[in-house]
Amino acid sequence: MEVSADKDRNSELAGLDTPPVVALEAWEAARERLLVKEKALTKARDALAAERRRMPWLRIDKDYAFDGPRGRVRLLDLFEGRRQLVVYRFFFEPGVDGWPDRGCIGCSKIADQVDHPAHLNARDTSLAFVSRAPQEAIERMKARMGWGYIPWYTLIDAFDADMGVDEWHGTNAFIRDGDTVFRTYFLNGRGDEQMGNHWNYLDITALGRQEQWEDSPKGYPQTEPYEWWPWRDTLETGSGS
């Protein structure tokens, strides 16, 4: 049932071709129709993540280096002892609008979306940002923008170009077996829009969310879904295996 809703000429919505206003029963029916499509999308997204977990791996043979807050480190150090690593290439360097005080506006928006990494760490996964900017500029911007919980390193070699993004932005996922590192996934462009929350980061990793309902290869680590959800100050987030 459609309810009459002639908009007053002074309405803030005047001039917009808005949908009809309906009674509760019709509104709920419309929502249920959309919900069917939304659930199908969720299942399709889960299936895509399952396929992603079966992507082949690429062994990393170069010994990449970075400058960090405590000096020179290697790619292996960015794992912080954990099994998996997600690296976001943030476009912050000479030539960026606002340099040296600000980075790319799109990358900055993504940084604003990034959750505290404690829950990622509880899933044996580390997150790191890398940029061409020196550490002094990075630390200054992190402090001003409130991004202090994001580990952030300075690129000093061809790591970003070798990983598919020599400027702008992109997200790479890695896994390690001891001291051997493998690249497992990469996304950029609009693919980066979804990044920031724990679920989406884990969905691009080789091991996924590591929850029992997931369709993962045999032997992959899996627990009850809520095991890694508790308050972050109660989680074990130290070095992994």
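Residues numbered from 1 in each chain as written. Predicted model: local features only at pLDDT ≥ 70, side-chain atom pairs only at ≥ 80, totals over all residues. Heavy atoms only, no water.

### A word on the overall build of the protein
Worth spelling out the cut-off: Under the DSSP-based scheme used, a helix requires at least four consecutive residues in state H or I and a strand at least two consecutive residues in state E, with every element numbered from the N terminus. Think of it in three bands: residues with accessible area under 20% of the maximum for their type are buried, residues over 50% are exposed, and the middle band is partly exposed, with areas taken using a 1.4 Å probe on protein chains only. A contact between two residues is defined here by any heavy atoms of the two lying within 4.5 Å. Note that accessible areas follow from Shrake-Rupley with a 1.4 Å probe, and for residues the cover is restricted to the protein chains shown. Charge counting treats Lys and Arg as positive and Asp and Glu as negative, with His and both chain ends excluded. Taken as the charge location is NZ of Lys, CZ of Arg, CG of Asp or CD of Glu.
A tally of regular secondary structure across the protein gives seven helices and 10 strands. Each of the 241 residues in the protein was classed as buried or not, and the buried ones make up 41%. Counting only contacts in the protein whose residues sit at least 6 apart along the sequence, the fraction spanning at least 24 positions is 64%. Element-wise, carbon and sulfur atoms account for 52% of the exposed surface of the protein, whose accessible area totals about 14,000 Å². The positive charge centre, built from 32 side chains, and the negative charge centre, built from 41, are 2 Å apart in the protein.

### Here we look at helix 5 (residues 135-145)
Inclusion rule: It is the directions from the helix axis to the C-beta atoms whose arc is reported.
Residues Gln135, Ala137, Ile138, Met141 and Lys142 constitute the buried set of helix 5. Seen from one end, helix 5 has its buried residues packed into an arc of 160°, which puts them on one side. Away from its buried face by more than 90 degrees, helix 5 exposes Glu136 and Ala143. Buried residues along helix 5 sit against strand 4 (65-68), strand 7 (125-131) and strand 8 (152-155). Just past helix 5, the residue Gly146 takes up positive phi, approximately 75°.

### Structural notes on the environment of Ile156
Relative to the helices and strands, Ile156 resides in the loop between strand 8 and helix 6 (159-162). Classification of Ile156 by relative accessible area gives partly exposed; the value is 33%. When the C-alpha positions of Ile156 and Ser131 are compared, they lie 9.1 Å apart, and in sequence the two are 25 residues distant. The residues contacting Ile156, other than those within four sequence positions of it, are Ala65, Phe66, Asp67, Arg72 and Arg132.

### Focus on the nonpolar core
This is how the line gets drawn: In this text, buried Ala, Val, Leu, Ile, Met, Phe, Trp, Tyr and Cys residues form a nonpolar core when linked through side-chain atoms within 4.5 Å.
Formed by 27 residues in total, the largest nonpolar core has its most connected members in Phe90, Phe92, Leu127, Phe129, Trp147, Trp152 and Tyr201. Secondary structure elements with two or more residues in this core: strand 6 (84-89), helix 3 (105-113), strand 7, helix 5 and helix 7 (198-203). The residues contacting Leu127, other than those within four sequence positions of it, are Val86, Val114, Leu120, Pro151 and Tyr201.

### Structural notes on the packing of aromatic side chains
The geometry of an aromatic ring pair is captured by the separation of the ring centres together with the interplanar angle, meaning the angle of the planes. Formally: Here the aromatic set is Phe, Tyr and Trp, taking the six-membered ring for Trp, and pairing holds for ring centres within 6.5 Å; pairs whose planes are under 30 degrees apart are stacked, those over 60 apart are edge-to-face, and all others are tilted.
For the coordinates displayed, the defined rule picks out 17 aromatic pairs. Measuring from ring centre to ring centre gives 5.2 Å for Phe92 and Trp99, while their planes differ by 65°; the resulting arrangement is edge-to-face. Among the residues examined, Trp99 registers a relative accessible area of 28% and is labelled partly exposed. Grouped by ring-pair contacts, the aromatic residues Tyr88, Phe90, Phe92, Trp99, Phe129, Trp147 and Trp152 constitute a single cluster.

### Structural notes on the sheet that holds strand 3 (residues 58-60)
For sheets, the rule is that strands pair by backbone hydrogen bonds, running either parallel or antiparallel. What counts, and what does not: Two strands pair if DSSP finds at least two bridges between them. Between the N-to-C directions of two axes lies an angle of 0 to 180 degrees, each axis being a line fitted to C-alpha atoms and, for a helix, fitted only over the stretch in contact.
The strand order across the open sheet formed by eight strands is 3-10-9-6-7-8-4-5, and the pairing between neighbours is mixed. Since the sheet does not close on itself, it has two edges, and those belong to strand 3 and strand 5 (71-74), each with one partner. Neighbouring strand axes in the sheet, compared pairwise and without regard to direction, differ in orientation by 35° on average. Bridge count for strand 4 against strand 8 is two bridges, and the pairing is antiparallel. Residue pairing in the sheet places Asp67 in a bridge with Thr154 of strand 8. Each of strand 4, strand 7 and strand 8 is contacted by helix 5, which is oriented at about 150° to strand 8, the strand it contacts most.

Such coordinate-based values are descriptive only and should not be taken to indicate function.
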